[in-house]
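# Overview (structure and organization)
For reference, the chains in residue letters:
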Amino acid sequence: MSITIESSTDNVSISTPEALRNLNRSLQEITQTLMTPPRRVMLSDWADENIFLGLSSPEPGAWRTSRAPYQKEILDVCGDYQNERVVLMSSAQIGKTSILLNVSAYYMKHDPCPIMVVQPDRQMADSFSMNKLEPILNESPSLKKLVQSKRKRDGGNRKLE
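This text gives an overview of the structure that appears in the document. (Residues numbered from 1 in each chain as written. Predicted model: local features only at pLDDT ≥ 70, side-chain atom pairs only at ≥ 80, totals over all residues. Heavy atoms only, no water.)

### So, the packing of helix α4 (residues 96–110) against helix α5 (residues 122–139)
At their nearest, the axes of α4 and α5 sit 11 Å apart, and the two run at 50° to each other. If you check the angle between α4 and α5, you find them oblique. In this structure, α4 crosses over α5, and the sense of that crossing is right-handed. In this structure, α4 uses T97, L100, L101 and M108 to contact α5, whose residues at the interface are F128, K132, L133, I136 and L137. By residue class, the composition of the contact of α4 with α5 is seven nonpolar, one polar and one charged. (Axes fitted to C-alpha atoms, helices over the stretch in contact; angles between N-to-C directions. Helix = DSSP H or I, 4+ residues; strand = E, 2+ residues; numbered from the N terminus. Parallel < 35°, antiparallel > 145°, perpendicular 65-115°, else oblique. Left-handed = near helix turned anticlockwise from the far one by under 90°. Contact = heavy atoms within 4.5 Å. Nonpolar A, V, L, I, M, F, W, Y, C, P; charged D, E, K, R; others polar.)

If you want it as structure tokens, here you go:
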């Protein structure tokens, strides 16, 4: 038995039953990989594994939810797809910006969707983008490859978009 597959770029010839079985096994493995949904992970655990804070951060290095354990539940509630709205009433300076950045990064990686972070004016939006968002995107390997380099001039990476 002989099977020949031709395309414009490759010619593949399968001439033995063993080669056909190997091809079939490979196709099954590829299909299984593509059809298996990604592992569900709690947002707080994902942040601990994937977020790195830049040198401009008060505590540079790997994100650790254990630094502020009260943030864990907030992060996990924000990462639960069953919640359409999360309302947070809190005191000042408890890490809400860090929570917002972790939630945004999680959705960038796991469920790309429109996310809007609003600042009172353009100057504060520029500052947030440059001093808060960019360092996390640049320091976190799993996010770095999702966002185009700011040096690219093709318009695909706009600081305020």
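What follows continues from the structure just given.
### Observations regarding the packing of aromatic side chains
One pass over the structure, following the stated rule, counts three aromatic pairs. Ring geometry for Y81 against Y107: centres 5.9 Å apart, planes inclined by 85°, an arrangement best described as edge-to-face. Here the residue Y81 occupies a position in the loop between α3 (71–78) and α4, and Y107 occupies one in helix α4, the gap between them amounting to 26 residues. With a centroid separation of 5.4 Å and an interplanar angle of 85°, the aromatic rings of Y106 and Y107 are classed as edge-to-face. With a relative accessible area of 13%, Y107 lands in the buried category. (Phe/Tyr/Trp six-rings, centres within 6.5 Å; stacked < 30°, edge-to-face > 60°. Buried < 20%, exposed > 50% of the residue type's maximum accessible area, 1.4 Å probe, protein only.)

### Focus: the pattern of salt bridges
If you walk through the whole model with that rule in mind, you get two salt bridges. Here D76 and K72 are joined by a salt bridge, their closest N and O atoms 3.2 Å apart. Separated by four residues within a single helix, D76 and K72 lie in helix α3, roughly one turn from each other. Note on K72: relative accessible area 36%, which makes it partly exposed. (Salt bridge = Lys/Arg side-chain N within 4 Å of Asp/Glu carboxyl O.)

### Focus on the side chain of D76
Looking at D76, the relative accessible area reads 13%, which means it is buried. Within the local environment of D76, its side chain forms a polar contact with the side chain of S44, the two groups lying 2.8 Å apart. Those residues in contact with D76 that lie beyond four places of it in its chain are M42, L43 and S44. (Polar contact = N/O pair within 3.5 Å; in protein donor to acceptor, adjacent residues only side chain to side chain.)

### Brief notes about helix α2 (residues 43–50)
Here α2 has its buried residues at L43, S44, W46, A47 and N50. Projected down its long axis, α2 shows its buried positions confined to an angular sector of 160°, all on one face. In this structure, the buried side of α2 is in contact with β3 (52–53), α3, α4 and α6 (141–144). (Arc of directions from axis to C-beta.)

### Some points on the side chain of S142
As for its position among the elements, S142 is in helix α6. The class of S142 is buried, set by a relative accessible area of 11%. The residues contacting S142, other than those within four sequence positions of it, are W46, N50 and K109.

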